[in-house]
Amino acid sequence: MDQTAFEALSKKIHEKRAVVGIFGLGYVGLPLILRFVDAGFRAIGFDIDANKVKALSSGKSYIEHIPESAIVDCVARGVEFTTDYSEVEQCDAAIVCVPTPLNKFRDPDLSYVTSTLDSIRPYLRKGQLISLESTTYPGTTNEEVVSRCESAGLKVGEDVFVVYSPEREDPGNASYSTQTIPKLLGGVTALCSEVGESLYSMVIDQVVVVSSPTVAEMAKLLENIQRAVNIGLANEMKLVADSMGIDIFEVVEAAATKPFGFSAYYPGPGLGGHCIPVDPYYLTWKAKEFGVNTRFIELSGEINRAMPMFVLAKAEGGLNRQGVAVSKSRVLVLGIAYKPNVDDVRESPAVEIMELLTERGAEVAYSDPHVPVFPKMRAHQFELVSEDMTAGNIASFDAVILATDHDAFDYELIAAHATLIVDTRGRFREPDVKIIKA
């Protein structure tokens, strides 16, 4: 077997002469390119969004937890940001970090992955590593990446090297960074794994190599499905506790005092983020191909997807008791990011709650210190800016719905001046007739 390509690429990586291309410059790709640059590699960032490329090229950051100083430093070190995918010819490693959303039927939408692969296929050459990081169903790497390499006349494991290494970013988590989160990796062949491990170990503290891309793909799904299922259980327990007049947050905190055998998961207004609401459906879709029905996973999905409607019903009930029809109400949604203390609104249940209220005629506004202007989204759009959290402004709304409990909110101010509070996060614990648990 000809190992020339393997040896040459391994040498380039070891000497940090390898050029790394990152495809997709969002919450995964941007931290990754910064990490490679910080480790001393030359890098090229690719994205189809010309505005994003322009902003990065001028040293601007569009992600709150990534400071502009890091982007400025990145540019100063010679990093190029581009929409020209032909430049993949310069790259020794091509790392794909593009979105994998669901379509309107809740089936996997691999269009971002396949279009990226199709765009770079004409420029693939011998001696390159191709790594897919996007979360997807088991088999994607072999079905989509390997097939395109072979159609370009390149032998995987000899001419080019293909791995799957799922992203594990957690925006806003101060305890872990791109460098310190262990990295899973599965190569198509043993040499693929070796090259992939060689590259990632230059920038990540711990690389965990598994036997194949499909194992890594399934492991990534399991990580997120476990969380989705447990949150689904917490949300179902919330419904039961609510019917009995029991505070579910007090229940969870009480159970969490057990030092073994229990992990605390908290209910909320639904699931948000780029992984937890989406990834389970990648497995349920693929499982059908093998005649397997994933009933447990799908049930938790049904429960979690029903939470925005539960919040809406609670808000409607509270407004009715005040003699205010939803269609005549003004409602302020507090926090539209999908979790506390970040600016990421992807799949946020708060946005769905805003849409449900709007459909019923309510005048909806929001306040979020991390999202000053409502961003452009694939499926949702509001022409709104974040409301100021003043006593007078809070009091001017018929109801406020706490959807995401950012630390920056002044909860004493909200409690003192809000007419009605619909609390989906258990932040307001003192008994009060104007506070509704949801």
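Presented here is a report on the structure given in the accompanying data block. (Residues numbered from 1 in each chain as written. Predicted model: local features only at pLDDT ≥ 70, side-chain atom pairs only at ≥ 80, totals over all residues. Heavy atoms only, no water.)

1. Observations concerning the packing of aromatic side chains
Inference 1: Under the criterion given, the structure shown has twelve aromatic pairs.
Inference 2: Ring plane angle 45 degrees and centroid distance 5.0 Å describe the contact between Y137 and W285, whose orientation is recorded as tilted. Pair noted here: Y137 is in the loop between β5 (128–132) and α6 (140–151) and W285 is in helix α10 (residues 279–289), with a separation of 148 residues, a long-range link.
Inference 3: One aromatic cluster in this structure is built from F23, F46 and Y85.
Inference 4: The ring of F397 has R330 sitting right over it, with the charged end atom 4.2 Å from the ring centre. (Phe/Tyr/Trp six-rings, centres within 6.5 Å; stacked < 30°, edge-to-face > 60°. Helix = DSSP H or I, 4+ residues; strand = E, 2+ residues; numbered from the N terminus. Lys NZ or Arg CZ within 6 Å of the ring centre and 35° of its normal.)

2. Regarding the pattern of salt bridges
Inference 1: Under the definition given, this model contains 28 salt bridges.
Inference 2: Measuring nitrogen to oxygen at the nearest pair gives 2.7 Å for the salt bridge that ties E15 to K11.
Inference 3: Here E15 falls in the partly exposed class, since its relative accessible area comes to 38%.
Inference 4: A salt bridge links K220 to E167; the nearest nitrogen and oxygen atoms lie 3.7 Å apart. Taken as a pair, K220 in helix α8 (residues 213–243) and E167 in the loop between β6 (160–164) and β7 (183–187) lie far apart in primary sequence, 53 residues in all.
Inference 5: A single salt-bridge network, built from bridges that share partners, covers R35, D38, D73 and R77. (Salt bridge = Lys/Arg side-chain N within 4 Å of Asp/Glu carboxyl O. Buried < 20%, exposed > 50% of the residue type's maximum accessible area, 1.4 Å probe, protein only.)

3. Overview of the sheet that holds strand β12 (residues 421–423)
Inference 1: Spatial ordering of the open sheet is given by β10-β9-β11-β12-β13, a layout of five strands whose pairing is parallel. A single partner strand is all that each edge strand has here, and the edge strands are β10 (363–367) and β13 (435–437). Pairwise comparison of adjacent strand axes, ignoring direction, gives a mean angle of 20 degrees for this sheet.
Inference 2: Note that β12 and β13 share three bridges and pair parallel. (Pairing = 2+ DSSP bridges. Axes fitted to C-alpha atoms, helices over the stretch in contact; angles between N-to-C directions.)

4. Description of the environment of Q381
Inference 1: Here Q381 is to be found in the loop between β10 and α14 (391–395).
Inference 2: Each C-alpha atom of the pair Q381 and V351 lies 9.0 Å from the other, and the pair is 30 residues apart in sequence.
Inference 3: Apart from residues no more than four positions distant in its own chain, Q381 is found in contact with F374, P375 and K376. (Contact = heavy atoms within 4.5 Å.)

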